[in-house]
Structures are given as C-alpha cells and as structure tokens.
Amino acid sequence: PKAMSEDELRNAFQVHGKIQDIHMVRDRRSQESKGIAYIKYEKASAAARAMEEMNGTVISPHVRPL
C-alpha cells in the first residue's frame, strides 16, 4: 500500500531473514510513495521464503494485500 512505511515493511519482512536494504519507489516531484518497494536480503533463500509466504498477505492496519 502507498501509505505503508519503511519501518512497517521491515517489521513484517525481517522474520524471514536479515534485511540489507529497503528501497521504496517514490514520485520524483511529489516524493509520494508509488506503493512499490524492493527488499534486499543477505541470503537468496530468505528472499525466496519471504516471496512465498508474504504473497497476498495483508499487513494491518492496511487493507491492500501485498
């Protein structure tokens, strides 16, 4: 969701492994989130596990699924 913060993403995804970086895509002019984020893990296995387990998940209080 566009209103999701980096901290919310980190808290939701860190259970799958150590996160190296989170990049949230923002509009160049307004700096508003576009609702897209990239999460880089230290290990590819953690990224694969996160993609499998988090696909379609809703992170409260947001209502839009990942």
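Just so it is clear, the structure is predicted and the values come from calculations on it, not from any experiment.

Asker: How should I be thinking about the nonpolar core in this particular structure?
Answerer: The nonpolar side chains of soluble globular proteins are, as a tendency, buried together. The biggest cluster of nonpolar side chains holds 12 residues, and these are M4, L9, A12, F13, I19, I22, M24, Y41, A46, A50, M54 and I59. Put simply, the parts of the chain that give this core at least two residues each are α1 (6–13), β1 (19–26) and α2 (44–54). The contact partners of M4, leaving out residues within four places of it in the chain, are L9, M24, I59 and H62.

Asker: I'm lost on the pattern of salt bridges in this one. Help?
Answerer: For side chains bearing opposite charge, pairing can occur when the charged atoms are close. Within this structure, the stated rule accounts for 2 salt bridges. E6 is paired through a salt bridge with R10; the nearest N and O atoms lie 3.3 Å apart. Here E6 and its partner R10 are both found in helix α1, 4 residues apart, which amounts to about one turn of the helix. Take E6: its relative accessible area is 33%, and that puts it in the partly exposed class. Ionic pairing is found between E42 and K18, a salt bridge with its closest N-O pair at 3.8 Å. Taken together, the positions of E42 in the loop between β2 (33–41) and α2 and K18 in the loop between α1 and β1 put the pair 24 residues apart, joining distant regions of the chain. K18 gets classed as exposed once you look at its relative accessible area, which sits at 57%.

Asker: What am I meant to see in the UniProt feature "domain: RRM" (unreviewed entry) in the protein here?
Answerer: Under the UniProt annotation, "domain: RRM" (unreviewed entry) lies at residues 1–66. Split by type, residues 1–66 is 29% helix and 26% strand. Its first and last C-alpha atoms lie 8 Å apart.

Asker: What exactly am I supposed to notice about the side chain of S33 here?
Answerer: By the element assignment, S33 lies in strand β2. For S33, a relative accessible area of 7% gives the class buried. A distance of 3.1 Å separates a polar side-chain atom of S33 from the backbone nitrogen of G35.

Scoring rules and cut-offs
Residues numbered from 1 in each chain as written. Predicted model: local features only at pLDDT ≥ 70, side-chain atom pairs only at ≥ 80, totals over all residues. Heavy atoms only, no water. Core = buried A, V, L, I, M, F, W, Y, C linked by side-chain atoms within 4.5 Å. Buried < 20%, exposed > 50% of the residue type's maximum accessible area, 1.4 Å probe, protein only. Helix = DSSP H or I, 4+ residues; strand = E, 2+ residues; numbered from the N terminus. Contact = heavy atoms within 4.5 Å. Salt bridge = Lys/Arg side-chain N within 4 Å of Asp/Glu carboxyl O. UniProt positions renumbered as here; feature names shortened; annotations may be inferred. Polar contact = N/O pair within 3.5 Å; in protein donor to acceptor, adjacent residues only side chain to side chain.

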